[in-house]
Amino acid sequence: GNSVTQMEGPVTLSEEAFLTINCTYTATGYPSLFWYVQYPGEGLQLLLKATKADDKGSNKGFEATYRKETTSFHLEKGSVQVSDSAVYFCALSDQRSGNTGKLIFGQGTTLQVKP
Amino acid sequence: SQTIHQWPATLVQPVGSPLSLECTVEGTSNPNLYWYRQAAGRGLQLLFYSVGIGQISSEVPQNLSASRPQDRQFILSSKKLLLSDSGFYLCASDAGAYNEQFFGPGTRLTVL
């Protein structure tokens, strides 16, 4: 069935370091892919999305490219800030029959950025 | 853009007591609605989803139920809470062209 796998956390970086959070997926059809961010005590916020192969989603300095050949959607940021400390979730839209609208989430990756 | 409201923000309830969590959506019509639970330090578990008024699908067998009495209202309930019902409950709505979901601020439930 469809699934999303994220790298294990926590990821601890110093401010201004380069960030990569790996995400790979298994899916039938052509799902859309998403990254969500959850700050402590809050709900999830949509960070970026990509809806077809080779699309690059970007927002707030974060980027991710939809790679169908490697079934990956890795999240990157060139220079992280302390305020980026949060839990990041990778997700895909489940387009199998009868599941329209449902998302499948990875287990989340905690990012801690130290000053 | 749509806005999702949840209340209460926090709740402490004794084991065996009833539960009612409410979610309302603004800025969209006829959305699909979702209830998730997030245990401490863990990922999201989809509990229920609804594609319309009175239409509820349950994803996992549990002590909880859901109802959708109006197009933009989604309620999560229990007749008797268990300790294992503790967690962070999130309501979500999707109305985007690519199934992106938008989340409410969540309700933190502690069952003692």
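In this text, all values refer to a predicted model and were calculated from it rather than measured experimentally.

Let us now look at the packing of aromatic side chains. One pass over the structure, following the stated rule, counts 12 aromatic pairs over all chains. Ring centres 5.6 Å apart and planes at 80 degrees place the aromatic pair Tyr36 of chain A and Phe103 of chain B in the edge-to-face group. Of this pair, Tyr36 of chain A sits in strand S5 (residues 33-38) while Phe103 of chain B sits in strand S10 (residues 101-103), placing the two residues on different chains. Connected via pairs of aromatic rings, a cluster forms that spans Phe34, Tyr36, Phe89 and Phe105 of chain A together with Tyr34, Tyr36, Tyr49 and Phe103 of chain B.

All names here are of chain B. Take Arg37: it is sitting in strand S4 (residues 32-38). The contact partners of Arg37, leaving out residues within four places of it in the chain, are Gly43, Leu44, Gln45, Leu47, Gln62, Leu64, Ser84, Asp85, Ser86, Phe88 and Tyr89. Among the polar contacts listed, one links the side chain of Arg37 to the side chain of Tyr89, at a separation of 3.1 Å.

Here we take up the interface of chain B and chain A. Chain B puts 20 residues into the contact, and the matching count from chain A is 20 residues. Counting the surface lost from both chain B and chain A, the interface buries some 1,600 Å², and carbon and sulfur atoms represent 56% of this. Applying the counting criterion to the chain B and chain A interface returns 2 salt bridges. Here chain B is connected to chain A by 4 residue pairs in polar contact (both at pLDDT 80 or more). At the level of elements, S4, strand S5 (44-52), strand S9 (87-94) and S10 of chain B are the ones that each hand at least two residues to the side of chain B that touches chain A. Per-element tally for the side of chain B that touches chain A: the top contributor is S4 of chain B, with 4 residues.

Reading the values: rules and limits
- Residues numbered from 1 in each chain as written.
- Chains lettered and ligands numbered in written order.
- Predicted model: local features only at pLDDT ≥ 70, side-chain atom pairs only at ≥ 80, totals over all residues.
- Heavy atoms only, no water.
- Phe/Tyr/Trp six-rings, centres within 6.5 Å; stacked < 30°, edge-to-face > 60°.
- Helix = DSSP H or I, 4+ residues; strand = E, 2+ residues; numbered from the N terminus.
- Contact = heavy atoms within 4.5 Å.
- Polar contact = N/O pair within 3.5 Å; in protein donor to acceptor, adjacent residues only side chain to side chain.
- Buried area = accessible area lost by both parts, 1.4 Å probe.
- Salt bridge = Lys/Arg side-chain N within 4 Å of Asp/Glu carboxyl O.

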